[in-house]
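# Observations on the model geometry
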Amino acid sequence: MASLKNLLLKKGYIRIKLKRMATNHLELTAKINGVKGRFILDTGASNSCVGLNLIEHFNLIAEASETKAASAGATEMETQKSENNTLKIGTWKTNRSHLVLFNLIHVNTALTQHKAREVQGIIGADILEKGKAVIDYDKLVLYLKMPSKKANKH
């Protein structure tokens, strides 16, 4: 029987190692607009997010947003948005990443209280869906399907 790894690699997926944080969250490294950052992988987050204080750091163009953000421990948070950013995870890449920008202080406070390092953002279901993600929790690996070259021409 073929392993999950071999099966997915044959189907055009790439493999990204994850780290388990002290809080049991899964962490990964990604680049936004060419700038590396630390992110939580959150299947329950509908959108990928970056801290409001990191707009310049990630070379984002922020716009007003009517949307209010909510997460565990906080609701009705003011947000901004940034559209059409380049997001790269391993060798997987999209040039159409739309990010929600909000204050991550409650997220990072919870992490540091459990002796985990702060993160700069959250990779959410929007990216996981776009990359046809498969998460191997046992091996701590994220698989993302590389876009076909044909799809990139349009």
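Treat the numbers as computed from the prediction; the structure is a model and nothing was measured. All residue numbers refer to position in the chain's written sequence, counted from 1. Where totals are concerned, whole chains, interfaces and linings use all residues; where local detail is concerned, this predicted model gives features only for residues with pLDDT of at least 70, and gives and counts side-chain atom pairs only at 80 or more. Where side-chain values are given, they derive from all heavy atoms of the structure, hydrogens and water being excluded.

## A look at the side chain of asparagine 85
Quick reminder of the rule: A helix here means a DSSP run of H or I that spans at least four residues, while a strand means a run of E at least two residues long, and both kinds are numbered starting from the N terminus. Three exposure classes are used, based on accessible area relative to the maximum for each residue type with a 1.4 Å probe and protein chains only: buried under 20%, partly exposed in between, and exposed over 50%. Polar contacts, as counted here, are pairs of nitrogen or oxygen atoms within 3.5 Å of one another; within protein the pair requires one atom able to donate a hydrogen and one able to accept it, and residues that are adjacent in sequence qualify only if both atoms are side-chain atoms. In this description, contact between two residues means that some pair of their heavy atoms is separated by no more than 4.5 Å.
Counting through the fold element by element, asparagine 85 comes out in strand 7 (residues 74-89). Residue classification places asparagine 85 among the buried positions, given a relative accessible area of 3%. For asparagine 85, the side chain forms a polar contact with the side chain of serine 82, separated by 3.0 Å. Setting aside chain neighbours within four positions, we find asparagine 85 in contact with Ile32, Asn33, Leu60, Thr94, Asn95, Arg96, Ser97 and Leu99.

## Overview of the sheet that holds strand 1 (residues 13-17)
Note the threshold: By the convention used here, strands pair only if DSSP detects at least 2 bridges between them. Angles run from 0 to 180 degrees between N-to-C directions of axes, and those axes are lines fitted to C-alpha atoms, restricted for helices to the stretch in contact.
Taken together, 3 strands build an open sheet; the order of strands is 1-11-10 and the sheet is antiparallel. Of all strands in the sheet, those with a lone pairing partner are strand 1 and strand 10 (134-136), marking the two edges. Here the strands of the sheet are splayed against their neighbours by 25° on average, with no regard to which way each runs.

## Description of the pattern of salt bridges
Inclusion rule: Basic side-chain nitrogens of Lys or Arg form a salt bridge, by our definition, when they fall within 4 Å of a carboxyl oxygen of Asp or Glu.
Overall, the coordinates contain 3 salt bridges when judged by the stated rule. A salt bridge links arginine 38 to glutamate 27; the shortest N-O distance between them is 2.5 Å. Highlighted residues: arginine 38 in strand 4 (residues 35-41) and glutamate 27 in strand 3 (residues 26-32), separated in sequence by 11 residues. The same class applies to arginine 38 and to glutamate 27, which are both buried.

## Some points on the nonpolar core
Keep this limit in mind: As used in this record, nonpolar core signifies buried Ala, Val, Leu, Ile, Met, Phe, Trp, Tyr and Cys residues forming a set joined through side-chain atoms within 4.5 Å.
Formed by 27 residues in total, the largest nonpolar core has its most connected members in Leu28, Leu41, Val50, Ile89 and Leu142. When contributions to this core are tallied by element, the ones reaching two or more residues are strand 1, strand 3, strand 4, strand 7, strand 8 (92-102), helix 3 (125-130) and strand 11 (141-145). Counting residues per element, this core draws most heavily on strand 3, at 4 residues. When residues no more than four places from it in sequence are discounted, the contact partners of leucine 41 are Leu18, Leu26, Leu28, Ile123, Leu128, Ile135 and Leu142. Membership of the second largest hydrophobic core comes to 12 residues, among which are Met21, Val100, Phe102 and Leu104.

## With respect to the side chain of aspartate 136
Operational definition: Charged residues are defined here as Lys and Arg on the positive side and Asp and Glu on the negative side; His and the ends of the chain fall outside this count.
Positionally, aspartate 136 belongs in strand 10. With no salt bridge to any partner, buried aspartate 136 finds its closest opposite charge in lysine 139, at an N-O distance of 5.5 Å. From its side chain, aspartate 136 meets the backbone nitrogen of aspartate 138 in a polar contact 3.1 Å long. With residues up to four places along the chain from it excluded, the contact list for aspartate 136 reads Leu4, Val141 and Tyr143.

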